[in-house]
Amino acid sequence: MGICVVRLTTNFQIKYDTSLAYNIYTVLCAVFIQKMNKLKYYHTSDKQDWGTPQFIYDALEKEFGFTLDVCANKENAKCAKYFTEQDNALLQDWSNDVCFMNPPYNLVDDFMQKAWDESKKGAIVVCLIPARIDASWWHKYVMKTEWRLFTQRLEFEGHKKNRAPFPSAVVVFRPPNYKVGVFDITRSDARKFGYDVP
């Protein structure tokens, strides 16, 4: 039996089997990996800070009216009030704010727990995170609140040529007593506002 060793770089090694079909399969695997390397499209990433696409932030800002960016630096802060890595948002109080959070992805678990805890104290926290539905933090926090998925992978700030190597989600943590405004309107009220109702 032959062995195929394929490295995830443009260099690869192949040990051939006597079977022609196996050799063809092995070469095709190696060619596929070479092409994927040239496209720079992978399923994982060592990058931890992915700049928020402005159009997504703008839509969320219009809906929520953020007062605090909990994971930012001077160059990419989305709000006038923000926490940097040096401020360590995990040690700060967010409870009086409407927070936007695009956390470092190697610390998502810690930031999701902090967002959950701060929402229990009164904060609204809107998170842009990788949609890792198999992660324990997803089941512990996200499945208990509001979440929204994107239909395609995002192009993050500073990465316009390549889409993210992961799907993304927006998660919203709200305080326990938070009520979405709902009101009833009568037909006569609707007519007063110019709506043509039967």
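Residues numbered from 1 in each chain as written. Predicted model: local features only at pLDDT ≥ 70, side-chain atom pairs only at ≥ 80, totals over all residues. Heavy atoms only, no water.

Turning next to the environment of Tyr105. With respect to the helices, strands and loops of the structure, Tyr105 is situated in the loop between strand S4 (98–101) and helix H3 (108–120). Overall, the relative accessible area of 4% leaves Tyr105 in the buried class. As a C-alpha pair, Tyr105 and Ile129 span 24 residues in sequence and 7.5 Å in three-dimensional space. Of note is the side chain of Tyr105, whose polar atom sits 3.1 Å from the side chain of Asn102. (Helix = DSSP H or I, 4+ residues; strand = E, 2+ residues; numbered from the N terminus. Buried < 20%, exposed > 50% of the residue type's maximum accessible area, 1.4 Å probe, protein only. Polar contact = N/O pair within 3.5 Å; in protein donor to acceptor, adjacent residues only side chain to side chain.)

Fine structural detail should not be taken from predicted coordinates in areas where pLDDT scores are low. In the predicted model, the chain carries a mean pLDDT of 75, and the fraction of residues at 70 or more is 61%. Of the regions scoring below 50 in pLDDT, residues 1–18 engages in 30 contacts with residues more than four places distant in sequence or in other chains. (pLDDT = per-residue confidence, 0-100. Contact = heavy atoms within 4.5 Å.)

Its place among the elements puts Gly65 in the loop between helix H2 (54–64) and strand S3 (68–69). The class for Gly65 is partly exposed, based on a relative accessible area of 32%. C-alpha of Gly65 to C-alpha of Cys79: the two residues are 14 residues apart in sequence and 9.9 Å apart in space. Residues contacting Gly65, with those up to four places away along its chain left out, are Leu60 and Val98.

Attention shifts here to H2. Listed as buried for H2 are Ile56, Tyr57, Leu60 and Phe64. Down the axis of H2, the buried side of the element spans an arc of 95 degrees, and every buried residue falls inside it. Summarising the geometry of H2, the exposed residues directed more than 90 degrees from the buried face are Phe55 and Lys62. Those residues of H2 that are buried lie in contact with S4, strand S5 (124–130), strand S6 (146–149) and strand S7 (168–173). Count one or two residues on from H2 and you reach Gly65, which has phi positive near 70 degrees. (Arc of directions from axis to C-beta.)

Time to look at the environment of Pro165. Following the sequence through the fold, Pro165 ends up in the loop between S6 and S7. Spatially, the C-alpha atom of Pro165 lies 9.6 Å from that of Pro130, the residues being 35 residues apart in sequence.

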